[in-house]
Amino acid sequence: MDVTRKSISAAIAALSLGATISTSALAQDKTLTIAITNTINTFDPHMTASVGTDLSLLSHIYPSLVLRGPDMKIAPALATEWTSVDDLTWRIKLRSDATFNDGEKIDAEVVKWNFDRVRDPAVNARIKAWFTLISDVKVISPTEIEIKTSSPYPAMIGQLSMFFLLPPKWAAGHKPATETASGGAYVISSVKPGESITLDANPQYWGPKPDFGKVVVRIIPDAASRVAALLAGEVDFINSIPTTEITRIKTSGSAQASAVPSTRTAFIKFNTLKPPLDNKLLRQALNYAVDKEGIVKAIFNDQAEIAKCQVTSKSYFGFNADLKPYAYDPEKAAELLKKAGGAPAEPIEIEVPTGIYLNGEEVVQAVASQLEEIGVKTKIVEMQFSAYMDKYLKTKDLGRMSLLSQAWPTIDADGLLTLFAPGNMYAYWENADFGKALADGRSTMDVAKRQAAYKKATEVMCDEAPALFLYTQPATYGLSKRITWTARGDDWVRAFDMKPAAN
């Protein structure tokens, strides 16, 4: 199923007729206005993995088994408890009072239907890769399911924090990509395609009553415009702003801003399936050629952390604390470049999706400049994020170098490192030793054995350098004085994590 933004806009335009969305966060008591960075691509929670936009919105209207709270811990939602019966079996108990707004009970049969839908090859769900290890889902009772896996899946419960449930009976007669139901804290009351989405508190919600009766989600792609909207009192929450704006917001007297380390690491991905990036010595040379410390200081005001030769950050299980970053050493880079056969004759393209990664364009310009200094010619190619993702995943024709930032909400190496596994559609790299180490980590529930396996995997990855390792991206944000929010670095933007500020 392929849903374009145009088709979404056409299908939901009727919702916005006659709708009036206030442009002021002060227009109504307990109205919360959130600014997000990009438009919503689909309303089907099984057809997207974009946490900061699509899934954050959908988490307001569809229920999940568990949630990762502001404290970054997994908490019950529909599921009241879960148990690993053995290495291949999970038992999950459900609350008995949950329903969708059409009256359909949210029970074990509904949960099984959602798992089956995601795993159905004919559906081709965007998130099917999350659950390839699941071999069977059985209904034990209306309030209990059993999940069998083909091999141990220790990160499964964390993965369920991104898995939202559709109502099966409703879905049979509707198009989840362009229509919505509700079984969560809010219902969508109106949509202005490309501009805003309004949510009203769901009076039929079976969970805690939300603090805000109305939530307006505004789409403001430009960072400067998001900051201006916050300072003008038009929005209550913004994120993904340049670190240079934090001081200006804090000294304005009208809002607050800060940054925390995120779970998202930025790097230049190498397409090792295309020459000349199939040459390990060249990849290592490029890593030595870039001054990561200089980038962190000049572009991020020291509020990013240099990546330690891996794509996981220290917040992840499986992080390898023994690895050190590639040093900035142009002489070493030149030496390796010579051993690799010299600089490529033709410029190497560096693709960068615009307006999606914090200060991404500036970072790529800095990287390109430093690669030129060792004689490697480059060509920066900017493109819309949708076009970038089409090249990355649909046509499988990613440029030889490209800026990428990745995270995994399980905060477990099992998810993030798998994006580089042999045969994975995201990988653009084939390494048997790395693949074996990942398989070893996934073959056991033993914590020590898993840590040892990921230590080996990250060592292989550091040496083979399928990426130019850069930094852990800071999670920057701004808040109006009307609300409080516990800062988190994992991309979730949810009204039910925010509270009205005390008067």
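Up top you'll find the structure we're talking about.
Residues numbered from 1 in each chain as written. Predicted model: local features only at pLDDT ≥ 70, side-chain atom pairs only at ≥ 80, totals over all residues. Heavy atoms only, no water.

**So, the state of the cysteines**
Among covalent bonds in proteins, the disulfide is the one between the sulfur atoms of two cysteines. In the structure shown here, the tally under the stated rule is one disulfide. There is a disulfide in this structure between Cys-309 and Cys-462, and the S-S distance comes to 2.0 Å. Taking the torsion about the sulfur-sulfur bond, which here is approximately 90°, the covalent link between Cys-309 and Cys-462 counts as right-handed. Here Cys-462 lies in helix α15 (residues 447–464) and Cys-309 lies in the loop between β13 (305–306) and α10 (330–339), a separation of 153 residues in the sequence. Among the residues examined, Cys-462 registers a relative accessible area of 12% and is labelled buried. (Disulfide = S-S within 2.5 Å. Helix = DSSP H or I, 4+ residues; strand = E, 2+ residues; numbered from the N terminus. Buried < 20%, exposed > 50% of the residue type's maximum accessible area, 1.4 Å probe, protein only.)

**Topic: the pairing of strand β8 (residues 186–192)**
Note that β8 and strand β9 (residues 196–201) share six bridges and pair antiparallel. Considered in β9, the bridge of Ile-188 is made with Leu-199. The hairpin turn running from β8 into β9, its antiparallel successor, is three residues long, and Gly-194 in that turn takes a positive phi close to 80°. (Pairing = 2+ DSSP bridges.)

**Here we look at helix α14 (residues 432–442)**
Listing the buried residues of α14 in full gives Phe-434, Gly-435, Ala-437, Leu-438 and Gly-441. Seen from one end, α14 has its buried residues packed into an arc of 160°, which puts them on one side. Turned more than 90 degrees from where α14 packs its buried face, Ala-432, Asp-433 and Lys-436 sit exposed. Turning to α14, the residues buried within the fold contact α15. Capping the start of α14 is the job of one residue whose side-chain oxygen sits 3.2 Å from the backbone nitrogen of Asp-433: Asn-431. (Arc of directions from axis to C-beta. Contact = heavy atoms within 4.5 Å. Polar contact = N/O pair within 3.5 Å; in protein donor to acceptor, adjacent residues only side chain to side chain.)

**Regarding the packing of aromatic side chains**
Counted by the stated rule, this structure contains 20 aromatic pairs. Taken together, a centroid distance of 6.1 Å and an interplanar angle of 75° make the contact between Phe-164 and Trp-492 edge-to-face. Here Phe-164 is found in the loop between α4 (156–159) and α5 (168–172), whereas its partner Trp-492 is found in the loop between β18 (483–485) and β19 (498–500), with 328 residues between them in sequence. This pair shows no difference in class: Phe-164 is buried, exactly as Trp-492 is. Judged by centre distance (6.1 Å) and plane angle (55°), the rings of Tyr-388 and Tyr-392 are tilted. Here Tyr-388 and its partner Tyr-392 are both found in helix α12 (residues 385–394), four residues apart, which amounts to about one turn of the helix. Pair check on accessibility: Tyr-388 and Tyr-392 agree, each one buried. Following the ring pairs from residue to residue traces out a cluster consisting of Tyr-357, Phe-385, Tyr-388, Tyr-392, Tyr-426 and Tyr-428. (Phe/Tyr/Trp six-rings, centres within 6.5 Å; stacked < 30°, edge-to-face > 60°.)

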